[in-house]
Amino acid sequence: MKKIILSLLCIAPAAYAITDDPKSDIFNVYKYLRDSQGNCVTQEPLSKNRCESKTTAVTKNTEAFGYLGHVWGTKARYGYNSRVNADFGGSQDLDMDGVNDSITKYSGPVSTYTAKHYPVAVKSGNYTYFVYSGPFTTDINGGRPSESEIAMATVHTPYSMGDINGSVNSAAGFGKGDSPFGHAYYSSTGTYTLNKARCYFPTTNYLGSFYDPNTPENYYEREYRNHLSNLFDPDGDIQCNRSNALGIYVGKYNHVTKKVSRPVLVHAKYTDDPHDNAVINVDEDNNILIVVAARGPRRGAIMYRTQIAGDIKSFADVTPNNFDYASVLNQTAGKTLFETNSKQYRGMAYPKLFALPNSGNKYRIIYNVYCKGRYGDQATVINHISCNRPTGGYQARQLHTAVLKYDAVSRKMVVSNHQTIAAYGGHYAIAKAKGNVISLAFNLHKNAHGDDRINLYHIFSEDGGYNWKYIDRFGNRKALALPLTTISDFTKAEVFKDHDIDYSNSETVITRTYMKDIDVYVEGNSLKKVYILTVKSCDSSTLTACTNGQGYLPTTQPIHSMHRSFFNGVSWSTTKLTDNVDHNYSTGMVSRSLDGKRYDVFYPRTIDSRNNALAGGYVSRVSEYITATSSSKSFLEVNIASRSPYKKDYYKNLCEFNYMRSVLHGSDDIIGIFSGANPYRFEPSTVNNNMAASPLFFLSRSGEIKRLPTYIPSSALEANLELVDGDHYISCKVDL
């Protein structure tokens, strides 16, 4: 088999490079994705050959039968992406079955992941348009399955969903926690053990000349390994019955009829990773733009735009040509793990997309660029803007921005006005725009380590992102030169400080800051107030889960808290809102009242005594009333959880909610969107038992939760939302 792979590489060595045409990159297009005429979308030779030789297909711009989201499984293995805080120790058996539970820092419902993508929902006129990720069924007779075929339709679901299971427990069978897709896992000795799916093979067997002995196998892109290996065909040809594909959907809610459309599949991306979820926005002429996010330096962003304004069934691929970063990053060699002299355009990760008013339908996009590849491929640091790592072996995730505009001649989006915003180790950001006012908050990754997220910074623009300002300690607004690359640059923009950022300071990172949401109050074209929501781990905590430096890993210890930082027009203040969050990735949202005095924070609440080390919780609200002289809080538990861990069958029918995302320009009837699921094990949907039960929900300012229909008859153009009764389990149960 190795000889076969090497011969493929010799015949077409350029086939795997990043090219100007995203359809020719293996990292972007799912190999069975077809257009409305039945043509394979991918043009990469190996993928196209596989596509054209099969009858299996999924067609873009086709309607799905209802709203079901993506779930990120708690990988049933020890090792990569399955770590827990060392302090978790013997408390790791939450369901008292005698087996320590496999926990990962990613878990649960992720169809509206992540806080760094924005917006995932936007109100324009009488409609709220929204995007989410989820599984999909393959075409039957060239189209959408009929009502009688839905329950038995073949499911192409994100790979990671196949790893959801009750535990590595031989007693668990289908419907009892074990996914119908099987799983593979690491043993306690670090040896990879095959189980049912038999879907793992040594990297050296098939990477051939691309194999880098300095790079641990775990850090090769899974998509690349899958693509080259005939032993690992993620479409189920040989041994693997899971599909490495992420469905990207769009939906539309009608505020007049109070009904929602059937969702439409816009793209199926060749990955299982919800970091590739999409964002959406609408320009002045009601043209809708969707950006499917990138991840890493190779797996790229894809852009879709409606051909008919407001019509969610008319999306066309408008992905721009590559943007050449060579001069921006001062790189002459531009080396990455798999490609040489890569332009790396499609590394537009964690996008924040804002339509600029009175601009001729331009968008401002703020995003991350993953600097070069992973371990072993970078020289000693020259300077931060060069995109070389400052120290260690991690990727520097720089913060960049550009303008996007549709070109009717090329029928593509065009990138212009590129700027590097921040480049000191790495940064994750959140942003909100009102008109031309853009408010941007971000943290810093010390030593370029993505898990060492510290400090809070804020800058803003009042002209659509062409010029930027900061607020000094006296509340004065001052011009800011980009990029931020020095300690003094970041000191200007600092809101609060967890740790020093000087690389000569080798202190262990204890306190970490995770970005969640931001809202602004604007008068005219001037920024007046800013409200930033964060989750912190190990803030003033002396527990061993913190002092061991592993506060970024899951634990049942009460080390997490949710905070807000508020600029009142004169100065910043930061205060803790609650201790009742149990995971760094438990993600809430903030929505401001029209008068700018009330800020409603909805978040997934878990009281300390019920910490389960899984991201999410039940829906709760903190309302904060802020005036020039005082602030007060009120609390509302919208949806009550009644389950405590360390009991038999704890995971059975467990349901938690997460990634509550604010609607851009939302009205009081719908200010947020989120999803729910069992964050630990597979719970089959009654629509199709090969899909996980993971419905989506809308949220009103008053705290009313309505579930999006999981099934919509083909005879119906729209369907009603379903009022959730507040029961924790029924809220997640998916019924026809």
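Everything numeric here is computed off the predicted structure, so don't read it as measured data.

To continue, consider empty space enclosed by the protein. Summed over all chains, the structure comprises 6 cavities of 30 Å³ or more. Of the pockets and cavities examined, the largest cavity occupies roughly 180 Å³. Around the largest cavity, the lining is made up of 19 residues, and of these E63, A64, F136, T137 and Y249 lie nearest the centre. Listing elements by their share of the lining of the largest cavity, those giving two or more residues are β3 (62-63) and β8 (136-137). Considering only residue class, the lining of the largest cavity consists of 11 nonpolar, 5 polar and 3 charged.

When we look at burial in helix α2 (residues 45-52), the residues that qualify are L46, S47, R50 and C51. One side of α2 carries all its buried residues, which in axial view fall inside an arc of 135 degrees. Among the exposed residues of α2, those oriented more than 90 degrees off its buried face are N49 and E52.

Strand order across the open sheet formed by 4 strands is β15-β16-β17-β18, with antiparallel pairing between neighbours. Strand pairing shows two members of the sheet lacking a second neighbour, β15 (278-282) and β18 (315-317), which therefore form its edges. Strand-to-strand, the axes of this sheet are offset by a mean angle of 25 degrees, without reference to chain direction. In the sheet, strand β17 (residues 302-306) pairs with β18 via 3 bridges, with the strands oriented antiparallel. Bridged to R305 within β18 is A316.

What follows covers the pairing of strand β34 (residues 598-605). For β34, a buried count of 7 out of 8 residues is recorded, marking the element as mostly surrounded by other parts of the structure. The pairing of strand β33 (residues 589-592) with β34 spans 4 bridges and is classified as antiparallel. Among the inter-strand pairings, M589 is bridged to a residue of β34, identified as F602. The antiparallel hairpin formed by β33 and β34 contains 5 residues in its connecting segment, where G596 sits at a positive phi of about 75 degrees. Judged from the 8 bridges that link them, β34 and strand β35 (residues 618-626) form a sheet pairing that is antiparallel. Bridge pairing in β35 links Y603 to S620.

Conventions adopted
Residues numbered from 1 in each chain as written. Predicted model: local features only at pLDDT ≥ 70, side-chain atom pairs only at ≥ 80, totals over all residues. Heavy atoms only, no water. 1 Å grid on protein atoms, 1.4 Å probe; cavity = no way out; pocket = protein on both sides within 12 Å on 5 of 7 lines; lining within 4 Å. Points joined across faces, edges and corners; volume = space filled by probe spheres on them. Helix = DSSP H or I, 4+ residues; strand = E, 2+ residues; numbered from the N terminus. Nonpolar A, V, L, I, M, F, W, Y, C, P; charged D, E, K, R; others polar. Buried < 20%, exposed > 50% of the residue type's maximum accessible area, 1.4 Å probe, protein only. Arc of directions from axis to C-beta. Pairing = 2+ DSSP bridges. Axes fitted to C-alpha atoms, helices over the stretch in contact; angles between N-to-C directions.

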